[in-house]
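Each chain is listed here by its residues.
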Amino acid sequence: MTAHPASCLEIAAAVRSGTRTARSFVEDALQKAERYQEPFHTFITLTPELAREQADRVDERVRRGSQLPLAGVPFAVKDLIDVEGFRTTCGSRAFADRVAGGTATVVQRLLDAGAVLVGKTNMHECAFGFTGENPTFGDCPNPWDPERFSGGSSSGSAVAVALGICPVALGSDTGGSIRLPAALSGIVGLKPTYGRVSRAGVAPLAWSMDHVGPLVRTAQDAALVLEVLAGEDPRDETSSREPVPPYTRDLDEPLHGLRIGLPRAGFFDSLEPDVARAVEAASAELASLGAQCVDVTLPYWDEVLGAHRAIIFSEAASYHQPFLVDRADQYSEPVRLQLEAGLLLPAVDYLKGQRVRRVVRRAWAETFASVDLLLTPASQAVATRFGAQTVDLPGGPTLLLHAYLGLLLPLNVSGHPAISVPCGFSEDGLPIGMQLVGRPFDEATILRVAHQYQQATDWHRRMPPGG
Amino acid sequence: MPDTPRLSSETVARAARELVGTPLGEHRLAAVAALLGALISEMAPMRAMEIAEVEPVTIYDAREP
């Protein structure tokens, strides 16, 4: 075992071969979770007793010959994902005592595959924000510099993986909430195609744009975990019947002939110089691996932001309206403000947003007719300090929303699969991420490109100070 | 980005009370009005977009019983 944390693949192989037990990996994860709770506030709830029970059960199944794909892999879930008998707080005082009556499909699928739940992670309150600040359960700082935010809303999940507590944690992504914290924390975050992974048992932010996916260190682990998570679920009527391919099978297929589109207008404007350099270098690396990088255009750039705002505010307000009636004062002020503003948005704007989505999907399908995937930065800037209102970019001071989510949220409107992959570090030693975007239900291609990029680089192998 | 429309606290108070049925506290009205103004500004390009007869994407599913 190296100092570098073991991957899902390595842990499962060790447990299946009898080299180590599931229980030993789980004890390590629990110990690290306790050790890092201050100052990172990574977990809202730890589940040590359940974890030990599950680990012993996995060891027993392995002894009986079960070939579990995730045997003994410790995992965590964002605390808006239900686990029966444990609270689902959504990171909010408003739901601090809500106990789940059932288990989310995604959790059950991981457990069935031999993974072991170690706890439920901190998050931006109600997933309605992206800094990882949380007045109830503590802020979730960046492992590379605790003065800076880790990104959100799946902040605890990202930090748990970045610190090496567990090799995989689940998050949700309605406007970049898996990909942003992954990028700012130096790990991999996958938002699958809308409908690819069940949302049953996952508290919504905006039903029509919510996606569930894994945060991991490697694209190979993302593929392994997606094979377990993906597929139709009768409990989620938006889950797709599209067949699930074996994502791990073709990861090493050569990239020769693949066309990668760079949508420079919009996605490459006004980047921090370190970010621009890192993403251009990544493009060159992929070209050296045999892919062909070409410039493309993604139309409706400005319109997509408005559609996202109309949909997320309206759907979030609709879900939370009953709770605003009886416990409004239990939400933090910024989240309550957003929900109340959402109550007042005209219905015609919501429907215009949903109509724009159809136009955007059709237009972007034309772009994807000439390329196999897109490459963009994951954010315009590296993680900034807590409390900042803007970041200084070449185009001038920029609101955090635009700098950190502007390149990610279009894919929540369109539903395309997208993965954030570490591609460098700033001069200050902060992680930089790139985003790969695939055709609908073609997670296999972006996972393959991400995997081969990681085989050729070592950004993902670097650990934060103390991690 | 178009100028942010200035919504008055009175407008927001009446909309919340009379249209939505969720009265907002006096001290919150200015903040909600400012955020709504910012949202409307961000939605301006979408509002201006001409999209003819396109129907909305919805999560309606014909399999629903």
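Residues numbered from 1 in each chain as written. Chains lettered and ligands numbered in written order. Predicted model: local features only at pLDDT ≥ 70, side-chain atom pairs only at ≥ 80, totals over all residues.

A. Broad picture of the overall build of chain B. Each helix and strand counted, chain B has 2 helices and 0 strands in total. Considering chain B as a whole, with its 65 residues, one finds that 18% of them fall into the buried category. In chain B, once contacts between residues fewer than 6 apart in sequence are set aside, the share between residues at least 24 apart is 57%. (Helix = DSSP H or I, 4+ residues; strand = E, 2+ residues; numbered from the N terminus. Buried ≥ 20, exposed ≤ 12 C-beta atoms within 10 Å, placed from the backbone. Contact = placed C-beta atoms within 7 Å.)

B. The arrangement of the overall build of chain A in detail. Scanning chain A from N- to C-terminus turns up 15 helices and 15 strands. Here the C-alpha atoms of chain A give a radius of gyration of 20 Å, agreeing with the 23 Å that 2.2 N^0.38 yields for 467 residues. C-alpha extents for chain A along the principal axes are approximately 60 × 55 × 45 Å. Looking at chain A as a whole, 60% of its 467 residues qualify as buried. Considering only contacts within chain A whose residues lie at least 6 apart along the sequence, 76% involve residues at least 24 apart. (Rg over C-alpha atoms; globule rule 2.2 N^0.38 Å.)

C. Structural detail: the nonpolar core. All names here are of chain A. Counting residues in hydrophobic clusters, the biggest one holds 165 residues, and the most contacted among them are Phe-75, Val-116, Val-118, Ile-419 and Leu-436. Counting residues per element, this core draws most heavily on helix H10 (residues 301–327), at 9 residues. What Val-118 contacts, discounting residues up to four positions off in sequence, is Val-26, Ala-29, Leu-30, Ala-33, Leu-46, Thr-47, Ala-51, Pro-74, Phe-75, Ala-76 and Cys-166. (Core = buried A, V, L, I, M, F, W, Y, C linked by C-beta atoms within 7 Å.)

D. Local environment of the interface of chain A and chain B. Taken together, the contacts link 30 residues of chain A with 28 residues of chain B. Elements represented by at least two residues in the side of chain A that touches chain B include exactly H10, helix H11 (333–343) and helix H12 (347–367) of chain A. For the side of chain A that touches chain B, the element with the most residues is H12 of chain A, which contributes 10 residues. Here the residues of the side of chain A that touches chain B sort into 14 nonpolar, 6 polar and 10 charged. (Nonpolar A, V, L, I, M, F, W, Y, C, P; charged D, E, K, R; others polar.)

E. Molecular detail of the sheet that holds strand E7 (residues 188–191) of chain A. Residues and elements named next belong to chain A. Reading across from one edge, E1-E3-E2-E6-E8-E7-E14-E15-E11-E9-E10 is the order of the 11 strands in this open sheet, with mixed pairing throughout. Only two strands of the sheet have a single partner each, and these edge strands are strand E1 (43–46) and strand E10 (292–295). Along the sheet, successive strands turn relative to each other by an average axial angle of 30°, direction set aside. The pairing of strand E2 (residues 74–78) with strand E3 (residues 116–121) spans 5 bridges and is classified as parallel. Residue Ala-76 lies in a different strand from E3, and its bridge partner there is Gly-119. (Pairing = 2+ DSSP bridges. Axes fitted to C-alpha atoms, helices over the stretch in contact; angles between N-to-C directions.)

F. View of the environment of Thr-238 of chain A. Residues and elements named next belong to chain A. Following the sequence through the fold, Thr-238 ends up in the loop between helix H7 (219–229) and strand E9 (259–262). Judged by the 15 C-beta atoms lying within 10 Å of it, Thr-238 falls in the partly exposed class. Along the backbone, Thr-238 and Thr-457 are 219 residues apart, and their C-alpha atoms lie at a distance of 37 Å.

G. View of helix H1 (residues 8–17) of chain A. Residue and element names in this part refer to chain A. Of the positions making up H1, those classed as buried are Cys-8, Ile-11, Ala-12 and Val-15. In a view along the axis of H1, the buried residues occupy a sector of 95°, so they form one face of it. Buried residues along H1 sit in contact with helix H2 (22–40), helix H3 (48–63), strand E6 (168–173), strand E8 (211–216) and H7. Of the residues trailing H1, Gly-18 is marked for its positive phi of about 85°. (Arc of directions from axis to C-beta.)

H. Seen up close, the confidence of the model for chain B. On average, residues of chain B score 83 in pLDDT, and 83% of them are at 70 or above. Prediction confidence for the complex, expressed as pTM and ipTM, is 0.96 and 0.90 respectively. (pLDDT = per-residue confidence, 0-100.)

I. Representation of unusual backbone geometry in the model. All names here are of chain A. Of note, the bond from Glu-38 into Pro-39 is cis; its omega dihedral lies within 30 degrees of zero at 10°. Considering the arrangement of structural elements, one finds Pro-39 in helix H2. With a phi close to 55°, Cys-126 is a non-glycine residue in the positive phi region. Note that Cys-126 resides in the loop between E3 and strand E4 (141–142).

J. The arrangement of the packing of H10 of chain A against H11 of chain A in detail. Residue and element names in this part refer to chain A. Axis separation between H10 and H11 bottoms out at 8 Å; the angle between their running directions is 105°. Classed by the angle they form, the pair H10 and H11 counts as roughly perpendicular. Residues Phe-313, Ser-314, Ala-316, Ala-317, His-320, Gln-321 and Leu-324 of H10 lie in contact with H11, whose contacting residues are Gln-338, Leu-339, Ala-341, Gly-342 and Leu-343. Class assignment of the residues belonging to the contact of H10 with H11 gives a composition of 7 nonpolar, 5 polar and no charged. (Parallel < 35°, antiparallel > 145°, perpendicular 65-115°, else oblique.)

K. Inspection of the packing of H7 of chain A against helix H15 (residues 443–456) of chain A at higher detail. All names here are of chain A. It is the contact of H7 with H15, at a shortest axis distance of 8 Å, that shows an interaxial angle of 150°. The orientation of H7 relative to H15 falls into the category roughly antiparallel. Here Ala-219, Gln-220, Ala-222, Ala-223 and Leu-226 of H7 come into contact with H15, specifically with Glu-443, Leu-447, Ala-450, His-451 and Gln-454. Looking at side-chain class alone, the contact of H7 with H15 contains 6 nonpolar, 3 polar and 1 charged residues.

L. Main features of helix H5 (residues 155–162) of chain A. Residue and element names in this part refer to chain A. Counting buried positions along H5 yields 8 of 8 residues, so the element is predominantly enclosed. Turning to H5, its buried residues number three or more, namely Ser-155, Gly-156, Ser-157, Ala-158, Val-159, Ala-160, Val-161 and Ala-162. Following H5 by one or two positions, Gly-164 has its phi on the positive side, about 80°.

M. Spotlight on the pairing of E2 of chain A. Residue and element names in this part refer to chain A. Summarising burial for E2: 5 of the 5 residues are buried, a large majority. In this fold, the crossover linking E2 to E3 by way of helix H4 (residues 105–112) has right-handed handedness. Pairing geometry for E2 and E6, over 3 bridges, is parallel. Following the sheet pairing, Val-77 is matched in E6 by Leu-170. (Right-handed = clockwise from strand over helix to strand, strands pointing away.)

N. Region of the structure containing the pairing of strand E13 (residues 396–399) of chain A. All names here are of chain A. Bridge count between strand E12 (residues 390–393) and E13: 4 bridges; the pairing is antiparallel. Residue Leu-393 lies in a different strand from E13, and its bridge partner there is Gly-396. Connecting E12 to the antiparallel partner E13 that follows it, the hairpin turn spans 2 residues.

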